[in-house]
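# Descriptive analysis of the structure
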Amino acid sequence: MKNFNLSVAFLLFLGLSGLQAQERIPQVEALLEKMTLEEKIGQLNLLTPGGGIATGSVVSEDVEAKIKAGNVGGIFGVSSPERVRQAQELAVKNSRLGIPLLIGSDVIHGYKTTFPIPLGLSSSWDMELIKETAKVAAKEATADGINWNFSPMVDISRDPRWGRVAEGAGEDAYLGSQVARAMVQGYQQDDLTKPHTMMATVKHLALYGAPEGGRDYNRVDMSRTKMFNEYLPPYKAAVDAGVGSVMTSFNDIDGVPATGNKWLLTDLLRERWGFDGFVVSDYTSVNEMIAHGMGDLQDVSAMALKAGLDMDMVGEGFLTTLKKSVEEGRVSEEEITTAARRILEAKHKLGLLDDPYKYSDTGRPEKDILTKENRELARHAATQSFVLLKDHNQVLPVSKKAKIALIGPLANDQSNMLGTWAPTGDFKLSVPVLEGFKNIAPNSRITYAKGANITNDTAFAKKVNVFGPKVEISDRSPDELLQEALKVARASDVVVAVVGEASEMSGEAASRTNIQIPESQKRLIRELVKTGKPVALVLMSGRPLDISEEMDMPVSILQTWHPGVEAGNAIADVVFGDVNPSGKLTMSWPRNVGQIPVYYGERTTGRPAPTEEFQKFKTNYLDVPNSPLLPFGHGLSYTNFQYSEIKANSETLRRGDSLVISTKVTNTGKIAGQEVVQLYIHDKVRSLTPPKKQLIAFEKINLKPGESKTVEFPVTVEDLKFYNSQLEYVAEPGEFEFFVGGTSDCEMQGSFTLVEE
Ligand code: BGC
């Protein structure tokens, strides 16, 4: 391969067994021909100059020298057309072959226009909306010089202790796959040569969302059938949608770290799934294989390359050891050429090889970033992500004429509105809830009081404040804060309490074993309820919380995640009823931590519990029922929906045919609303224990008051398939029950039988 001669043929195909045949790109091959071994290794090196995006300088000595020497394939943490041009010039004008850089970034939920955290966005169940947010993120980020994004994060998780559930789309493989596809399409739009699109990275391959004990970076162990059926589909969906790159995860799989796992990166990703982009490690995850027990830096770097890793993020193990490994015969130059080719192909796909400065248009930021339209989309997206968990006595919506006590540590806060992983956003641009209330209801009488600190625990607050003050503990005593709030509450018609987690109480390296609202705020809520005033909780968090106590109180609860730059306006839109909430949970909320993992798609057991009542020798607990506190798919509206005429148009389904399951949905309330109509199946007899329920389709509909719509879900054999013990993707004949409703906790409505031809 290394003596590849361009004149021999215009088109050649990858010679690796089982890989998708792929056209060679003459421009890339011509470059590879000219490259020394060191230059090829240089392409595999991803650096960050550090210092953060806002203040970072691309020309920090080390990085500059390395770029000039041709030792860098990409950088991240650098933005603005000017800085990116500067960086590209270093590469283009100074390195021997002038190969431009990939410019990466973590654009997780919007660039400067910050959208709700991904778990919130997924709760909209609106794939067009999610795609649109990714499209806007790409437009803004590329205007600022970025061409490669470390998103979407599609790790399925059933463990709300894990802080990074905030970054994903929840517990379900089917829904997660739809979200993965929408995001890749939004970022890349099927045409990476356009200046408004950027290359997406699906991460973190694989199973990063299933660490033992919900502790970040912890080990993962699961069966192949569980992986294939319940955890891998979203990564595959991103690959099928044409994602340009894949990031490995920090954890091990079958005892082998993902970053050096040949089964994962080559057998599965390339050979089975046909992925033809490039694979990047997570931050120093090559080096971390030393701590995993895989050898020294040279060993782990060779292991990762041979497993199928193409680019080494930050750790420089590739840069500093691969040449030696070639000389010692531990890796071949051909393996390095293959990885370098993939990086160069990515640069070709982006059009960088023809125009290294295509993302350096100084006129774009002002035109494309934080536009009025983008902020409007952020506000709309936030309203769509909110989930009405409970509406006691219809406290919500609140009348704009009411005398409102706006209470709580998050009620007039700016630093937590963007949510975790929003490093490109500016929290100072976010709208606090108090401001939003005044914007939306300028004539209303609103009195604000903090009421409590997010937490009174200074040691805990310090850990949460690593990226700046998110939790500010007041100089005033907790009692003083409380008494002031109670006074305000007693003088009001209604209390709106904005409570929950600070943004950095979830996210990376932010696992919790107690996922309740912090005690300082629980006390405030209890006391507010005691005033006898109607109370609505506006809850913020990056994860499902254990709110068993609050669910038992006479309060309404609107879950708003961390809503992004338009937080306050969006919350006011929904609290005052200008927008009717329509989000549905994409992760089950547990009754307590001991119930975790609790998720709707659990597989059958031999001793099912027939009811929620405890029964000896059945699978259940002595102290709590099996059901979660709030199920997947749950979410109320200010109106009501009635389901009727739920039926399948046939009792049998033949392979190659389809049948239709339909339902009539009627808005029986007085205002317009949206409903997410969900279809679940249960495979009654199959060779592997089936999930008790499995989402196979959904549709979000709008209904005016009194209006009815019939929703039809076509079902084909494809919807019934699963991976069997041989990991073959099959649908087995037999009976399937179906369930339709506005939550996963919906009743069985009938069944049909899959028959052989
Ligand atoms: C995270 C990744 C992220 C990377 C680069 C890591 O710590 O796990 O999700 O893309 O840093 O910022």
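Residues numbered from 1 in each chain as written. Predicted model: local features only at pLDDT ≥ 70, side-chain atom pairs only at ≥ 80, totals over all residues. Heavy atoms only, no water.

## Overview of the sheet that holds strand S20 (residues 673-683)
With mixed pairing, the 5 strands of this open sheet are ordered in space as S18-S26-S25-S20-S21. The open sheet has two edge strands with one neighbour each: strand S18 (652-654) and strand S21 (694-703). Direction aside, the axes of adjacent strands within the sheet are offset by 25 degrees on average. Alignment of S18 against strand S26 (residues 748-755), held across 3 bridges, turns out to be parallel. For Leu653, the partnering residue across the bridge sits in S26 and is Leu754. (Pairing = 2+ DSSP bridges. Helix = DSSP H or I, 4+ residues; strand = E, 2+ residues; numbered from the N terminus. Axes fitted to C-alpha atoms, helices over the stretch in contact; angles between N-to-C directions.)

## What about the layout of surface pockets?
Each pocket or cavity is described by its volume, and for the second largest pocket that value is around 1200 Å³. Lining of the second largest pocket is provided by 33 residues; of these, Glu602, Glu612, Asn626, Ser627 and Lys692 occupy positions nearest its centre. A class-by-class count of the residues in the lining of the second largest pocket yields 14 nonpolar, 11 polar and 8 charged. (1 Å grid on protein atoms, 1.4 Å probe; cavity = no way out; pocket = protein on both sides within 12 Å on 5 of 7 lines; lining within 4 Å. Points joined across faces, edges and corners; volume = space filled by probe spheres on them. Nonpolar A, V, L, I, M, F, W, Y, C, P; charged D, E, K, R; others polar.)

## Looking at the packing of aromatic side chains
Taken as a whole, this structure holds 19 aromatic pairs when the rule is applied. Geometrically, the ring pair formed by Phe76 and Phe150 is edge-to-face, given 5.3 Å between the ring centres and 75 degrees between the ring planes. With Phe76 in strand S2 (residues 74-76) and Phe150 in the loop between strand S4 (148-149) and helix H8 (173-188), this residue pair connects regions lying 74 residues apart in the sequence. Here the two residues Phe76 and Phe150 agree in accessibility, since each one is buried. (Phe/Tyr/Trp six-rings, centres within 6.5 Å; stacked < 30°, edge-to-face > 60°. Buried < 20%, exposed > 50% of the residue type's maximum accessible area, 1.4 Å probe, protein only.)

## Things to note about the environment of Arg603
Structurally, Arg603 can be placed in the loop between helix H23 (567-575) and strand S17 (641-648). In this structure Arg603 comes out as partly exposed when scored by relative accessible area, which is 36%. Between the C-alpha atoms of Arg603 and Pro690, which are 87 residues apart in sequence, the distance is 5.3 Å. In contact with Arg603, other than residues within four places in its own chain, are Lys226, Glu230, Thr689, Pro690, Pro691 and Lys692. A distance of 3.4 Å separates the side chain of Arg603 from the side chain of Glu230, its partner in a polar contact. A distance of 3.0 Å separates polar atoms of two side chains, one belonging to Arg603 and the other to Thr689. (Contact = heavy atoms within 4.5 Å. Polar contact = N/O pair within 3.5 Å; in protein donor to acceptor, adjacent residues only side chain to side chain.)

## Concerning the pattern of salt bridges
One pass over the structure, following the stated rule, counts 49 salt bridges. Between Asp106 and Lys203 there is a salt bridge, and its shortest N-O distance comes to 3.2 Å. Linking Asp106 in the loop between strand S3 (102-105) and helix H6 (118-122) with Lys203 in strand S5 (residues 201-205), this pair joins segments that are 97 residues apart in sequence. Assessed through its relative accessible area of 1%, Lys203 is described here as buried. A salt bridge links Asp240 to Lys236; its shortest N-O distance comes to 2.9 Å. Of this pair, Asp240 and Lys236 both sit in helix H10 (residues 233-240), 4 residues apart, which is roughly one turn of that helix. Among the charged side chains, a network of salt bridges with common partners joins Glu519, Lys522, Arg526, Glu549 and Glu550. (Salt bridge = Lys/Arg side-chain N within 4 Å of Asp/Glu carboxyl O.)

## Considerations on the sheet that holds S5
On the basis of which strands lie adjacent, the open sheet formed by 3 strands has the order S5-S6-S9 and parallel pairing. Across the chains shown, the open sheet's two edge strands, defined by having one partner strand only, are S5 and strand S9 (278-280). Across this sheet, the average inter-strand angle for adjacent strands is 25 degrees, counted without regard to direction. As paired elements, S5 and strand S6 (residues 245-248) share 3 bridges and run parallel to each other. Directly across from Val202, in S6, lies its bridge partner Val246. Packing against the sheet, helix H11 (residues 262-272) makes contact with S5, S6 and S9, and its axis sits at approximately 150 degrees to S9.

## Comments concerning the domain arrangement of the protein
Taken domain by domain, the protein consists of domain 1 (26-365), domain 2 (387-582) and domain 3 (641-755). The centre of domain 1, based on its C-alpha atoms, is set 36 Å off from the matching centre of domain 2. Domain 1 puts 29 residues into the contact, and the matching count from domain 2 is 27 residues. Applying the counting criterion to the domain 1 and domain 2 interface returns 18 residue pairs in polar contact (both at pLDDT 80 or more). Classifying every residue of the side of domain 1 that touches domain 2 gives 13 nonpolar, 9 polar and 7 charged. (Domains from an automatic or database assignment.)

## Regarding the site of the ligand
Near the ligand lie 13 residues; those nearest to it are Asp106, Arg164, Lys203, His204 and Asp282. Here Asp106 contributes a side-chain N or O atom positioned 2.5 Å from an oxygen atom of the ligand. Within the contact set of the ligand, an oxygen atom lies 2.6 Å away from a side-chain nitrogen or oxygen of Asp282. Within the complex, the protein chains bury 94% of what would otherwise be the 310 Å² of accessible surface of the ligand. Within the shell around the ligand, the residues separate by chemical class into 7 nonpolar, 1 polar and 5 charged. (Near = heavy atom within 4 Å. Areas by Shrake-Rupley, 256 points an atom, 1.4 Å probe, with all protein chains shown as cover.)

## Some thoughts on unusual backbone geometry
With an omega of -5 degrees, the peptide bond running from Lys203 to His204 counts as cis. Counting through the fold element by element, His204 comes out in strand S5. The omega angle of the peptide bond from Leu205 to Ala206 is 0 degrees, so this bond is cis rather than trans. In this fold, Ala206 is placed in the loop between S5 and helix H9 (224-231). For Leu207, which is not glycine, the phi dihedral falls at a positive 70 degrees. Look at Leu207 and you get buried, because its relative accessible area is 2%. The backbone of Asn393 sits at a positive phi, close to 50 degrees, despite the residue not being glycine.

## Let's talk about the pairing of strand S16 (residues 555-559)
Burial runs high along S16: 5 of the 5 residues are buried. On S16, burial covers both faces: Val555, Ile557 and Gln559 on one face and Ser556 and Leu558 on the other are all buried. With 3 bridges connecting them, strand S11 (residues 387-390) and S16 associate as antiparallel partners. The residue bridging Val387 from the neighbouring strand is Gln559, located in S16.

## Some points on the side chain of Thr337
Looking at the element boundaries, Thr337 is found in helix H15 (residues 333-349). Looking at Thr337, its side chain comes within polar contact range of the side chain of Lys40, at 3.2 Å. Every residue in contact with Thr337, bar those within four places of it in the chain, is listed here: Leu32 and Lys40.

## Some details on the packing of helix H18 (residues 433-440) against H23
It is at 7 Å that the axes of H18 and H23 come closest, and there the two elements cross at 55 degrees. One way to sum up the angle between H18 and H23 is to call them oblique. Relative to H23, H18 is oriented so that their crossing is right-handed. Residues Val433, Gly436, Phe437, Asn439 and Ile440 of H18 pack against Gly568, Asn569, Ile571, Ala572, Asp573 and Val575 of H23. (Parallel < 35°, antiparallel > 145°, perpendicular 65-115°, else oblique. Left-handed = near helix turned anticlockwise from the far one by under 90°.)

## Section: H10
Since there are 3.6 residues in each turn of an α-helix, residues three or four apart along the chain are aligned in direction. Within H10, the full set of buried residues consists of Pro234, Tyr235, Ala237, Ala238 and Val239. Of the surrounding elements, those touching the buried residues of H10 are H8, S5, H9 and H11. Just downstream of H10, Gly242 is the residue with a positive phi angle, here 90 degrees.

## A closer look at the environment of Glu735
Structurally, Glu735 is set in strand S25 (residues 734-741). With near-sequence residues (within four places) excluded, Glu735 lies in contact with His682, Asp683, Lys684, Val685, Ser751, Phe752 and Thr753. At 2.8 Å, the side chain of Glu735 and the side chain of Ser751 are in polar contact.

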